[in-house]
Amino acid sequence: MTKLKYAFIDAYVIAQRNIIRIKRVPEILVFVLISPIMFVLLFAYVFGSAIDIPGGSYREFLIGGIFAQTVVFGATFTGAGLAEDMQKGIINRFRSLPMSPSAVVMGRTASDVIYNSLTLIIMALTGLLVGWRIRSSFWDAVLGFGLLLLFAYAFSWMMALVGLVVPSVEVVNNASFVVIFPLTFIANTFVPSEGLPGPLRTFAEWNPISALTQAVRELFGNIPAGTPPPEVWPLQNPVLYSFVWIVIIIAIFAPLSIARYQRVTAKS
Amino acid sequence: MAPIIEAHGLVKRYKEIVALDGLDLAVEPGTILSVLGPNGAGKTTAVSILTTLIKADEGTATVAGFDVREHPDEVKKNIGLSGQYAAVDEQLTGFENLRMVGRLYRMGKPAAVRRSRELLEQFDLTDAADRPVKGYSGGMRRRLDLAGALIAEPPILFLDEPTTGLDPRSRADLWIAIKGLVAGGTTLLLTTQYMEEAEHLADDIMVIDHGREIAHGTADELKNMLGGERVVVTVADPDHIARATEVLAQFAVGEQHVDDHTRELTVPISGGAPVLTAALRALDTAGIAVTDVGLRRPTLDDVFLTLTGHRTEETEIASVEVGE
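These numbers were taken from a predicted model, which means no experiment stands behind them.

Caption draft 1: Spatial organisation of the overall build of chain B. Scanning chain B from terminus to terminus reveals twelve helices and 14 strands. A total of about 14,100 Å² of accessible surface is found on chain B, and carbon and sulfur atoms cover 50% of it. One way to put it: in chain B the 32 positive side-chain charges average out to a point 8 Å from where the 51 negative ones average out.

Put into structure tokens, the structure is as follows:
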């Protein structure tokens, strides 16, 4: 019990340190936060003018997908942060302290929730500017943002492992794009998955990013009236399916990341 | 009293390089042991094992009564470590660094804050306390790192080459701080490349090379073993080297070292400047011309030359991959 208590206290101390670092070097944040703005504007105007959705606005349909894609992309921030930590002298101090072995990784994923919240706020504001609206109830919208944040948190754990496996910060970006690009594009994020060829369609239908996107669209009331209901279970129950994935991802990658951190720091 | 740091037969290999080759050591509570040796001698490896950062291939060690392999967390609670490279966060201020380390030693918030301010004051960092560490000088970083090791007032302190790379002024400041600690009852294991530092800080000095103890004693005992000062003479004509060795033998209190290449003779003597004058007069009488002459105190290099027959640089080249 005491062990668990200190795991949280130590993680809190590390998260606090990460937040101070963000405040000290706000330049990092500026560039990282520009990308969601860029995504919203780019997709809304470039694709938004070329694709038609029967009975609705493509731009509004698109925003849910961009939200999902951006929080997943944002998780690379976690990997990069950890990879950077591992190269710094402070890690030698951490190694010599009687602190909880999970603190550095847990603190990092926790402090990145703040970063993900900022990303979501900026994206939502940019979305409002280009014509996206929340057409559901207040509580549905809260659940929508909550689901995005939770999903981002889960993906942070996955990228934490990437950040601890690769040798440098630069490799984090390349390594994570290999995973993130197929995941976010072979989905219903930008085009309806019904139009995809056979195997890609199946992948897209069961892809957790599709479920997240579908969930967000439903919770924000962005599904055009008259759209036929989805045919597969994950997209019929997108909130539940997304939650299941969040739990699975954390259950797999949290222990793996913590174990990896211990192995890397116990170098001999 | 039972030793508070104790190690038996520590062995650590890195591929084909043997970093530690059966090292034993013991430190009594409230005393300082200085581990003296060149780069690659195994100093950092020994400290890393005792502080639980790495595991020995063979041998056992206990710190504060806990086995380093079986109970690393209990060991960590009782020690402070300050390494060769300052382990501080560049973006955080000095105060924030210390408060974080204090909290991770499981101190309460108010205690960590109070102790941080106290240490910043003690290490003369009050003015810089609220500035990010990236603007600190090398000496300031080392002092901050040392303060981090001390924040929880651990009974045992490991300092791995605390002054390597510091200017003389910063080194002197750090020495004063270290002496103050031990006066307060802390047990200290210190590694250094400098004979002067070992002599200044420690009663008990252990000289190691190639991961093994090669000498052990007080500063005076080691110096006696080395035979006090050295007269260093460079003869003008290589043909005179043998003759000069014979002439100088009457002043030598230990084995002379002759470098044929540089025509340099190193003669351990006892008695200082008058002996140097007499030696020069004897060389002059024998008709041996000298191009350079000097009197110096024994250096670590002499310790090595005397004890191992090789100079410290040779060791350095041979062990450069050990990662010290």
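Caption draft 2: Summary view of the side chain of Gln214 of chain A. Residues and elements named next belong to chain A. You can see Gln214 is positioned in helix α10 (residues 208-219). Among the residues examined, Gln214 registers a relative accessible area of 10% and is labelled buried. Not counting chain neighbours up to four residues away, the residues in contact with Gln214 comprise Asn188, Ile223, Pro230, Leu235 and Pro238.

Caption draft 3: Seen up close, the sheet that holds strand β11 (residues 230-235) of chain B. Residues and elements named next belong to chain B. Taking strand neighbours across the sheet as the criterion, the four strands line up as β12-β13-β11-β14 in an open arrangement whose pairing is antiparallel. Each edge of the open sheet carries a strand with a single partner, namely β12 (257-259) and β14 (290-296). Going from strand to strand, the sheet's axes swing by 15° on average, the running direction of each strand aside. As defined by bridge partners, β12 adjoins strand β13 (residues 264-268) across three bridges and the pair is classed as antiparallel. By the bridge assignment, Asp259 is partnered in β13 with Glu264.

Caption draft 4: Region of interest: the interface of chain A and chain B. Chain A puts 25 residues into the contact, and the matching count from chain B is 29 residues. The junction of chain A with chain B conceals about 2,500 Å² of combined surface from both sides, 61% of it contributed by carbon and sulfur atoms. Our enumeration of links across chain A and chain B arrives at five salt bridges. Put simply, Arg106 of chain B and Asp10 of chain A hold a salt bridge, and the shortest N to O gap is 2.5 Å. Secondary-structure elements contributing two or more residues to the side of chain A that touches chain B are α1 (2-24) and α5 (90-96) of chain A. In terms of residue count, the dominant contributor to the side of chain A that touches chain B is α1 of chain A (ten residues). Per-class residue counts for the side of chain A that touches chain B are 13 nonpolar, five polar and seven charged.

Caption draft 5: Broad picture of the sheet that holds strand β2 (residues 17-27) of chain B. All names here are of chain B. The four strands are arranged β2-β1-β4-β5 in an open sheet whose pairing can be described as antiparallel. Each of the sheet's edge strands pairs with one partner strand only, and the pair in question is β2 and β5 (66-67). Where strand β4 (residues 58-63) meets β5, two bridges bridge the pair, whose relative direction is antiparallel. For Val63, the partnering residue across the bridge sits in β5 and is Phe66.

Conventions adopted
- Residues numbered from 1 in each chain as written.
- Chains lettered and ligands numbered in written order.
- Predicted model: local features only at pLDDT ≥ 70, side-chain atom pairs only at ≥ 80, totals over all residues.
- Heavy atoms only, no water.
- Helix = DSSP H or I, 4+ residues; strand = E, 2+ residues; numbered from the N terminus.
- Areas by Shrake-Rupley, 256 points an atom, 1.4 Å probe, with all protein chains shown as cover.
- Lys, Arg positive; Asp, Glu negative; His and termini not counted.
- Charge placed at Lys NZ, Arg CZ, Asp CG, Glu CD.
- Buried < 20%, exposed > 50% of the residue type's maximum accessible area, 1.4 Å probe, protein only.
- Contact = heavy atoms within 4.5 Å.
- Pairing = 2+ DSSP bridges.
- Axes fitted to C-alpha atoms, helices over the stretch in contact; angles between N-to-C directions.
- Buried area = accessible area lost by both parts, 1.4 Å probe.
- Salt bridge = Lys/Arg side-chain N within 4 Å of Asp/Glu carboxyl O.
- Nonpolar A, V, L, I, M, F, W, Y, C, P; charged D, E, K, R; others polar.

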